[in-house]
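Chains, contacts and geometry: an overview
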Amino acid sequence: MALDDDLEPVAAAAAAFAASGERVTGILATEHLRFGRIYLCAYAVDAERPTWLAFDAVRAQVTSLAAVREAAKLAALCEVAEETAGGGDLAELQQRLRELRETEAPEGIEQAEAAPAALAAILEAEPRLASTDYLDRIGAAARRLEQALGDEAGSPFAAAMQQALPAVDEVAAEVVERYRGPLA
């Protein structure tokens, strides 16, 4: 079953928990190695900060604090990875590499041009499933891109992901703090 098909029944289950005047404003789908499929559903009235409720693969409400926290971290990490990989703007990078090929034609430009295209092919359109596999594929493609551009030392992508960890923890803490169900 495609993720789009999974989201409709999750949205219906989530809507049953909406308060008067409130609506489900988003669903983040995650696949955690330990906790399995978890759907984080955001609820809001107008532009207020959302409250959250999570459902598992069979649309039962998630009551595990660890599962909700880890699902929120995984969703946030995937978001950061997508925004950071390739310097954050793959289309601009691809355009700059095309211009470089046309004006200077340096040795290895074909490999350098192929790497952002390979990374772009890995990035999934929303809705997408946040998973460790997805993170690994983004990370590997980002590293291949960095190497194709001549960065053999450190990884700017890995450094950016490391720097994002406090923000990822803050997102997870916010989801837990604003969780509308019981957590143990």
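Note: the structure precedes this text.
The following paragraphs examine the structure supplied in this document.

Definitions and cut-offs
Residues numbered from 1 in each chain as written. Predicted model: local features only at pLDDT ≥ 70, side-chain atom pairs only at ≥ 80, totals over all residues. Heavy atoms only, no water. Phe/Tyr/Trp six-rings, centres within 6.5 Å; stacked < 30°, edge-to-face > 60°. Helix = DSSP H or I, 4+ residues; strand = E, 2+ residues; numbered from the N terminus. Buried < 20%, exposed > 50% of the residue type's maximum accessible area, 1.4 Å probe, protein only. Polar contact = N/O pair within 3.5 Å; in protein donor to acceptor, adjacent residues only side chain to side chain. Contact = heavy atoms within 4.5 Å. Axes fitted to C-alpha atoms, helices over the stretch in contact; angles between N-to-C directions. Parallel < 35°, antiparallel > 145°, perpendicular 65-115°, else oblique. Left-handed = near helix turned anticlockwise from the far one by under 90°. Nonpolar A, V, L, I, M, F, W, Y, C, P; charged D, E, K, R; others polar. Pairing = 2+ DSSP bridges.

1. With respect to the packing of aromatic side chains
- Overall, the coordinates contain 1 aromatic pair when judged by the stated rule.
- Between F17 and F55, the ring centres sit 5.6 Å apart and the planes meet at 50 degrees, which makes this aromatic pair tilted. Here F55 lies in strand β3 (residues 51–56) and F17 lies in the loop between α1 (3–15) and β1 (23–32), a separation of 38 residues in the sequence.

2. Points about the side chain of E22
- Note on placement: E22 falls in the loop between α1 and β1.
- For E22, a relative accessible area of 15% translates into the label buried.
- A polar side-chain atom of E22 sits 2.8 Å from a polar atom in the side chain of R180.
- Setting aside residues up to four positions removed in sequence, E22 forms contacts with F17, Y43, A44, V45, T51 and R180.

3. A word on the packing of helix α4 (residues 109–122) against helix α5 (residues 132–148)
- The geometry of α4 relative to α5 is characterised by a closest axis approach of 8 Å and an angle of 165 degrees between their N-to-C directions. Viewed along their axes, α4 and α5 adopt a mutual orientation that is roughly antiparallel. The handedness of the crossing between α4 and α5 comes out as left-handed. Contact with α4, carried on its side by Q111, A112, A115, P116, L119 and I122, involves Y134, R137, I138, A141, A142, R144, L145 and A148 of α5 and no other residues of that element.
- Residue composition of the contact of α4 with α5, by class: 11 nonpolar, 1 polar and 2 charged.

4. A few points about the pairing of β1
- As defined by bridge partners, β1 adjoins strand β2 (residues 36–44) across 9 bridges and the pair is classed as antiparallel. Paired with T30 across the bridge in β2 is I38.
- Connecting the antiparallel pair β1 and β2 is a turn made up of 3 residues.
- The pairing of β1 with strand β4 (residues 129–131) spans 3 bridges and is parallel. Counted as the bridge partner of E31 is S131 from β4.

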